[in-house]
Structure formats: C-alpha cells, structure tokens
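Secondary and tertiary structure notes
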Amino acid sequence: MPRNTKAIIHLDAIKANYQLANQYAPQSKSIAVIKADAYGHGCIEVAQALETQVPAFAVAIFEEAVQLREAGITKPILILQGVNQPGELEYASNHDLWTMVENKIQANLITQTPLKAKLKAWLKLDTGMHRLGLDDSNLSDTFEQLKQCLHVDVMTLCSHLASASDVTSSMTSEQMQRFEIMTSGFSKQSALSLSIANSAALSGFPETRLDWNRPGIMLYGLSPFEHPHPSDNQLQPAMTFTSEVIGLRQLQKGETVGYGGTWQAERPSTIATITAGYADGYPRHAANGTPLSIAGQQATLAGRVSMDMITADVTDCSGIKIGDPVELWGKNINANKVAQAAETIGYDLLTGVSQRVPRDYCCN
Ligand SMILES: *Cc1c(COP(=O)(O)O)cnc(C)c1O
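Residues numbered from 1 in each chain as written. Predicted model: local features only at pLDDT ≥ 70, side-chain atom pairs only at ≥ 80, totals over all residues. Heavy atoms only, no water.

**Considerations on the overall build of the chain**
Helix and strand content of the chain: eleven helices and 19 strands. The principal-axis extent of the C-alpha atoms belonging to the chain is close to 75 × 45 × 35 Å. By residue count, 55% of the 364 residues in the chain fall in the buried class. Taking all contacts inside the chain whose residues are at least 6 apart in sequence as the whole, residues at least 24 apart take part in 65%. Only carbon and sulfur atoms are counted for the fraction: they give 50% of the accessible area of the chain, which is about 15900 Å². Computed over 28 positive and 36 negative side-chain charges, the inter-centroid distance for the chain is 3 Å. (Helix = DSSP H or I, 4+ residues; strand = E, 2+ residues; numbered from the N terminus. Buried < 20%, exposed > 50% of the residue type's maximum accessible area, 1.4 Å probe, protein only. Contact = heavy atoms within 4.5 Å. Areas by Shrake-Rupley, 256 points an atom, 1.4 Å probe, with all protein chains shown as cover. Lys, Arg positive; Asp, Glu negative; His and termini not counted. Charge placed at Lys NZ, Arg CZ, Asp CG, Glu CD.)

**Quick word on the site of the ligand**
Lining the immediate environment of the ligand, one finds 13 residues, of which Lys35, Tyr39, Ser199, Ile217 and Tyr347 sit closest. Lys35 is positioned such that a nitrogen or oxygen atom in its side chain is 2.7 Å from an oxygen atom of the ligand. Contacts to the ligand include Gly216, whose backbone N or O atom sits 2.9 Å from an oxygen atom. Considered on its own, the ligand offers 390 Å² of accessible surface; in the complex 92% of this is hidden by protein. When its residues are assigned to classes, the shell around the ligand shows six nonpolar, four polar and three charged. (Near = heavy atom within 4 Å. Polar contact = N/O pair within 3.5 Å; in protein donor to acceptor, adjacent residues only side chain to side chain. Nonpolar A, V, L, I, M, F, W, Y, C, P; charged D, E, K, R; others polar.)

**Quick notes on the confidence of the model for the chain**
Per-residue pLDDT for the chain has a mean of 97; in total, 99% of the residues score no lower than 70. Here helix H8 (residues 171-187) is the element of the chain with the lowest mean pLDDT, 93, and strand E4 (residues 57-59) is the one with the highest, 99. (pLDDT = per-residue confidence, 0-100.)

**A closer look at the packing of helix H6 (residues 104-112) against helix H7 (residues 139-148)**
Packing of H6 against H7 brings their axes to within 10 Å, and their N-to-C directions diverge by 15°. In terms of orientation, H6 lies roughly parallel with respect to H7. The two elements H6 and H7 meet at a crossing, and its hand is left-handed. Together, Lys104, Ala107, Asn108, Ile110 and Thr111 of H6 and Asp141, Thr142, Gln145 and Leu146 of H7 make up the contact between the two elements. Considered class by class, the residues forming the contact of H6 with H7 number three nonpolar, four polar and two charged. (Axes fitted to C-alpha atoms, helices over the stretch in contact; angles between N-to-C directions. Parallel < 35°, antiparallel > 145°, perpendicular 65-115°, else oblique. Left-handed = near helix turned anticlockwise from the far one by under 90°.)

**Observations concerning unusual backbone geometry**
Phi angles above zero are rare outside glycine, and Ala36 is one such case at about 50°. Structurally, the position occupied by Ala36 is in helix H2 (residues 35-40). Even without a glycine there, the phi angle at Tyr39 is positive, about 50°. Examined against the element boundaries, Tyr39 turns out to sit in helix H2.

**Let's talk about the pairing of strand E14 (residues 269-274)**
Extensive coverage of E14 is indicated by the burial of six of its six residues. In terms of strand pairing, E14 meets strand E17 (residues 310-313) through four bridges, oriented antiparallel. Across the sheet, Ala272 pairs through a bridge with Ala312, a residue of E17. (Pairing = 2+ DSSP bridges.)

**Quick notes on helix H4 (residues 62-70)**
Along H4, the residues that are buried comprise Phe62, Glu64, Ala65, Val66, Leu68 and Arg69. On its buried face, H4 sits against H2, helix H3 (43-50), E4, strand E5 (77-79), helix H5 (86-94) and strand E6 (97-101). Gly72 sits one or two residues past H4 and shows a positive phi near 95°.

**Observations regarding the packing of aromatic side chains**
Following the criterion strictly, the structure yields eight aromatic pairs and no others. Seen from their ring centres, Trp122 and Trp212 are 5.9 Å apart, and the 55° between their planes marks the pair as tilted. Here Trp212 lies in strand E10 (residues 212-213) and Trp122 lies in strand E7 (residues 119-124), a separation of 90 residues in the sequence. Here the two residues Trp122 and Trp212 agree in accessibility, since each one is buried. (Phe/Tyr/Trp six-rings, centres within 6.5 Å; stacked < 30°, edge-to-face > 60°.)

**Let's talk about the side chain of Thr172**
Examined against the element boundaries, Thr172 turns out to sit in helix H8. The residues contacting Thr172, other than those within four sequence positions of it, are Leu161, Ser163, Ala164, Phe205 and Thr208.

**Comments concerning the environment of Arg178**
Along the chain, the position of Arg178 falls in helix H8. As a C-alpha pair, Arg178 and Thr127 span 51 residues in sequence and 5.7 Å in three-dimensional space. Once residues within four sequence positions are removed from consideration, Arg178 is found in contact with Thr127 and Asp136.

**A word on the pattern of salt bridges**
The final tally for this structure, using the stated rule, is nine salt bridges. Residues Lys321 and Asp324 are paired through a salt bridge, measuring 3.0 Å at the closest nitrogen-oxygen approach. Its relative accessible area of 5% is what places Asp324 among the buried residues. Several salt bridges share partner residues, and in doing so they unite Arg3, Asp280, Asp308 and Arg356 into one network. (Salt bridge = Lys/Arg side-chain N within 4 Å of Asp/Glu carboxyl O.)

**Details of the environment of Ala13**
Structurally, the position occupied by Ala13 is in helix H1 (residues 11-24). A C-alpha to C-alpha distance of 41 Å links Ala13 and Leu109, two positions 96 residues apart in sequence.

Written out as structure tokens, the structure is:
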C-alpha cells in the first residue's frame, strides 16, 4: 500500500480564486502566475484547468515555459526573468512566449539575434524594489533601441511592488508615483499597456489595477497579506497537505519527545506519530504548538520535525487511532498559520512540498 502522505489539489478552488482576481479588476486582464510548478500545485494541471479563462500565464524562467509548451499549453506565457540565450529567443518568438527585458544586456541580445517571428517584449522598470529593472539611466535608450528593431514588439511597461503585503506601508504609493513618472513619456506612444499588481496589490490597492495584473499566491487560496485583511476569507485554499497517524503512545509527566527532547510532557500525555517530515516539505522550523488537524480534531506539534515524521500532542483529542487522517494544512489549518509558526511565509511552504509527495487532483 502506498504511504498515505499526499497533496490534494482542488482545481475548482484555483478556478474560483482566479475568478475572484478577475472580479477585483474587470477592466483589466489578469495573468495567472504559475511559476515554481504553480507554487507547488503542478503547473501543467493548473494551466490546463485555467487555460480557457486566462489571457496568458507567467512563469519565472524559460525552462518553465518550455515545459508548458511541451505539455500542449497554447496560451501566451510571460517569462518574468526574461531570456539570456539566442536559442531561447528563437524558441520564444516561435512559441508565443513573451519575454521580460530588465537590463541592457538582454536588450542587446534581442536586437542582435535575427528572428523570423516577432518577439513580444515587456520592459521591467525598477521603481524601488531594486532587484530587477531598467531605471532613469537606461530606460529611454533601451526603449528606443527595441522600438527601432523590426523583430521586436514592445508590448507592456511593468514593475514589481516591494511592500504590497503590508497595507500600511507607504512604499506602494511611492512606487506607483515613480511608475507614473517613468512611464509618462512612453505610455501615450505605441499603445503600450501597463502592469504592476501582484495578488496583494490587486486585492489591497485599487490604484494598482492597470491593464494587466499578475496574481500568483491568491490563486492558490492563501492570503498575500502580512496581517488579516477583509479579502482573506473569500479565498479558497487549493492545497490540502494530508498524512496519516502511524504510531501512538502514552507519556508520563516529565518525559520528552523527539530529537533533542525539546517538548516535555507537563501532564500524562498522548503522542501521535505522523508520516510526514521535512523531506516531504513540512517546515523543519515549525515550533512546538504548531496547529494540525487529526481526524477532524485540532492537535499541536510536539517535538522537533524529523525528516520523515512529526509528532503531535493529542491528549485533548478523543479516540485517535493509528490510520487516522491528518491535515497538515488545507481548508482547516491555514498554511499561513503553519508558516508563521515556522518563521516563514505560506509561499515557502507551498513551493516546498517535495517531489516525494504525490499530487492528487480533484474537483476539476
Ligand atoms: C511572483 C510574481 C508575481 C506574483 O506574486 P504574488 O505575490 O504571488 O501574487 C507577480 N509579478 C512578479 C514579477 C512576480 O515575480
């Protein structure tokens, strides 16, 4: 019998979350961001589920776009980091991949590589994130250079926000102002479209809803915000990470559990052992007390996360037995809560569910 640890992917939830993204901005187009294997949900299955609804997909790197094309996905795919090889450019122009141009080297490569089909380019502007993007020193001449090039179609000016997950931060409005100033000279020319919003901006900052939005995390049903936000409860978590109880024991007061004995029984306790660990993507830094759900009852992590197992205090649960199902995160246990207890973010947990964990698709 296979080990009963798996990630159940609710494709219906992903479709509903995408519809919600669209409802925030019915005037603009929302690109479904499916980089990093659709945040761990499986990019091919997610792309297939969304393909009839979306205008385009976005991935981080070239290889991810090729994987989707080879699986028969035909919608345009934006490559957020752009491409860096002549062969990749040729493939991109022939396969309707839109490429980001964020520096002069990428622009030179594009103009110097002869292409038969037109390449659609997005220009990335650095408005304050200071990670990728053109700035005042090179934006105008890069734009002119690409505009002069017959095999390039400059399509969109875009930028990325650094602090949209914090609705109290002034950074978002500062970046919006920078973006307006930087784009004002070009946006009237050549019917250029504009794009800036990720999930947090789309749901929390109406002024960021431009021609194209780029929602990612919200499609998978996790809140993009650092603090509770009114939009959170409209999201449907798309991944249920489940496992199974494989051991049970009684401890006396004072006995400890797991490596290093970091959890100690303060009363006679019942400990359940569950067959999922950090090699499956359960966060090794999850602290004692991290919530999980066993046979529908709330329990808490007790002791260090092992490679292939975790242990939970089920003293306050009733009737727990070997074989009982465990939800590590999903509809009952919010992945952002688990992430918080492990001093990380939900994005990290979703993308970290390992290859050892089978994905089961449901509810398409
Ligand atoms: C990942 C990414 C997004 C999506 O961000 P979410 O916070 O997941 O919505 C949008 N734009 C860019 C450039 C990205 O890298």
